[in-house]
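# Remarks on the overall topology
Read off the chains here:
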Amino acid sequence: MALLLKNARVIDPQVGLDETADILVRDGKIVEVGQSLTMEKGVERDLSGKIVVPGLVDMHVHLREPGFEQKEDIASGTRAAAHGGFTAVCCMPNTKPIIDNALGVEYVKSRAAAVGKCRVHVSGACSQGLKGETLSEMGDMVAHGAVAFTDDGRGVQDAGMMRRVMDYGAMFDKVIMSHCQDEGLVGDGQVNEGVASTRLGMLGWPAEGEELQIARDIALCRLTGCPLHIQHISTARGLDLVRAAKAEGLPVTCEVTPHHLFLTEDAIGDDYNTFLKVNPPLRTAEDAAALIEGVKDGSIDAIVTDHAPHAAWEKDCEFEIAMFGMTGLETSLSLMITNLVATGAMDYAKLVEVMAVNPRAILRVEPVKIEAGSTADLTVIDPEAAWTVEADGFVSKAKNSGFIGAELKGRATDVYVGGYATLEDGAIVE
């Protein structure tokens, strides 16, 4: 199929591109980027006033399938991803059963091929059953297409076990993505320890419960040479540890979620909104400000959502027993545009780096560039679209967003995966 995208502002810092141009696509590949392009037959779209960027990637999502389809499944989760402007996601392995062998990897790949609205990269568990005791079948999962490994949902508690995981990761040149959480220190913590835990009368979750494992895993990275990626970083001191590791030349990267950038512990009020109960917890305003600076200066490599859908009853209960996590696929891009791009804190080129370029590089998957020969995974953005986040506007099965009611600017209108539209004029292409 031939596709011609006309008159868009095309932005790709990888090739030094930021200009109004046309993009000609044929058979899933970009054929030409230039001015006044034509084609004999095919689909032509006039994208005047829109922005076209390399397809966005969210490298930290929970699609919940297999085993928790009441929360989300691969069909609904990838639809939510496309609705949010993503051409690819990396799904976490804490499903039921745990994705700790090749069978799990193949199941997700086959389901995504059958019902997915975006590409799905699969991460495998580091340990069998996420128990942190016995190594998972890492080699077999690599052979079947796993792109990374993580025990996301909990941290690998034993340092010796984590060393073995990272030894294997180094051997296969696969990144180990670490959920940094010292369970002995965190315990039954609910919210950030300090003012918030005191004000709300909740068990506290100290920042040190995250930072200790960041420091430990950086040391293990130094020992093993394995690429290390710190997941959903949430504290200023944790970011300083990552900065120091990068300055040392260690292969360490990190990610942050929009909710840790744009929400703080102060958002949890007397209504005890369980949509704001996340892991790690919302931190202080000072932490959030430091993380924003980290995105701007390049210390933070990727924006992720940690999209964590839950059934209504799992959140509609007392704060102490509510599940951790919030959804994010359908709001992430707009939150970044509204809070950072539209305010002048960063430009679209930087947005492309943290939401498209760097995630692919960390996962070691095929780069996507807006140049001839590249795969035509493209995201189209209307930078002026104004909208309000409403529960009934989500494509995801879940509604547990901490940003409901937020007034946002900028939104994905079209998504092309391999040259084929999965989102067109804001609607999922069936």
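What counts, and at which threshold
- Positions within a chain are numbered from 1, following the residues in the order the chain's sequence is written.
- Residues qualify for local features only when their pLDDT is at least 70, as the model is predicted, and side-chain atom pairs are given and counted only at 80 or more; totals for whole chains, interfaces and linings, by contrast, use all residues.
- Each side-chain value is worked out from all heavy atoms of the structure, with water and hydrogens disregarded.
- Whenever Lys or Arg places a side-chain nitrogen within 4 Å of a carboxyl oxygen from Asp or Glu, that contact is recorded as a salt bridge.
- We call a residue buried when its accessible area falls under 20% of the maximum for its residue type, exposed when it is over 50%, and partly exposed in between, using a 1.4 Å probe and counting protein chains only.
- Secondary structure elements are taken from DSSP: a helix is a run of H or I of four residues or more, a strand is a run of E of two residues or more, and numbering for both begins at the N terminus.
- Only Phe, Tyr and Trp rings take part, Trp by its six-membered ring, and two of them pair if their centres are within 6.5 Å. Stacked means planes under 30 degrees apart, edge-to-face means over 60, and tilted covers everything else.
- The criterion for a charge sitting over a ring is simple: Lys NZ or Arg CZ within 6 Å of the ring centre, and within 35 degrees of the ring normal.
- UniProt positions are given in the numbering used here, feature names are shortened, and annotations may be inferred rather than shown by experiment.
- Every residue pair with non-hydrogen atoms within 4.5 Å of one another is taken to be in contact.
- Whether two strands pair depends on DSSP finding at least two bridges between them.

As annotated in an unreviewed UniProt entry, the protein chain carries the name Dihydroorotase and is attributed to Paraeggerthella hongkongensis.

## Looking at the pattern of salt bridges
As enumerated under the stated definition, the model contains 26 salt bridges in all. A salt bridge links Arg216 to Asp217; its shortest N-O distance comes to 2.8 Å. Each of the two residues, Arg216 as well as Asp217, counts as buried.

## Examining unusual backbone geometry
Residue Pro66 is reached from Glu65 by a cis peptide bond, and omega for that bond is 10 degrees. Looking at the element boundaries, Pro66 is found in the loop between strand E6 (56–61) and helix H1 (74–83). The omega torsion across Asn279 and Pro280 is -5 degrees, close enough to zero to call that bond cis. The residue Pro280 is located in the loop between helix H9 (258–262) and helix H10 (285–297) in this model. If you check the backbone angles, Asp27 has positive phi at about 55 degrees while not being a glycine. Within the secondary structure, Asp27 is located in the loop between strand E2 (17–26) and strand E3 (29–34). One non-glycine residue, Arg364, lies in the positive phi region at around 60 degrees. One can find Arg364 in the loop between helix H13 (348–363) and strand E16 (378–388).

## Notes on the packing of aromatic side chains
Aromatic rings considered in pairs are described by the distance between their centres and by the relative angle of their planes. This structure, assessed with the given rule, holds 3 aromatic pairs. Arranged with centres 6.4 Å apart and planes meeting at 45 degrees, the rings of Tyr168 and Phe172 form a pair that is tilted. Of this pair, Tyr168 and Phe172 are both found in helix H4 (residues 159–172), 4 residues apart, which corresponds to roughly one turn of the helix. Taking relative accessible area as the criterion, Phe172 reaches 27% and is therefore assigned partly exposed. Plain terms: the ring middles of Tyr272 and Phe319 are 6.3 Å apart, the flat faces sit at 70 degrees to each other, and that makes the pair edge-to-face. Of the two residues, Tyr272 sits in the loop between H9 and H10 while Phe319 sits in the loop between helix H11 (312–315) and helix H12 (332–341), which places them 47 residues apart along the sequence. Assessed through its relative accessible area of 3%, Phe319 is described here as buried. Geometry around Phe324 places Lys277 over its ring, the cationic atom sitting 4.5 Å from the centre. A cation sits over an aromatic face here: Arg411 above Trp387, 3.6 Å from the ring centre.

## Section: the UniProt feature "active site" (unreviewed entry) in the protein chain
This chain's UniProt record puts "active site" (unreviewed entry) on Asp306. Inspection of the secondary structure puts Asp306 in the loop between strand E15 (302–303) and H11. The residues touching Asp306, leaving out its near neighbours within four places in the chain, are His60, His62, Asp152, His232, Thr257, Asn279 and Met326.

## Regarding the pairing of strand E18 (residues 420–424)
With 3 bridges connecting them, strand E17 (residues 407–417) and E18 associate as antiparallel partners. Looking at E18, one finds that Val415 is bridged to Leu423. Where E17 folds back onto E18 in an antiparallel hairpin, the turn is made up of 2 residues, including Gly418, whose phi is positive at roughly 60 degrees. Bridge count between E18 and strand E19 (residues 427–428): 2 bridges; the pairing is antiparallel. Along E19, the bridge assignment pairs Leu423 with Ile428. Between E18 and the antiparallel strand that follows it, E19, lie 2 residues; Asp425 among them carries a positive phi value of about 50 degrees.

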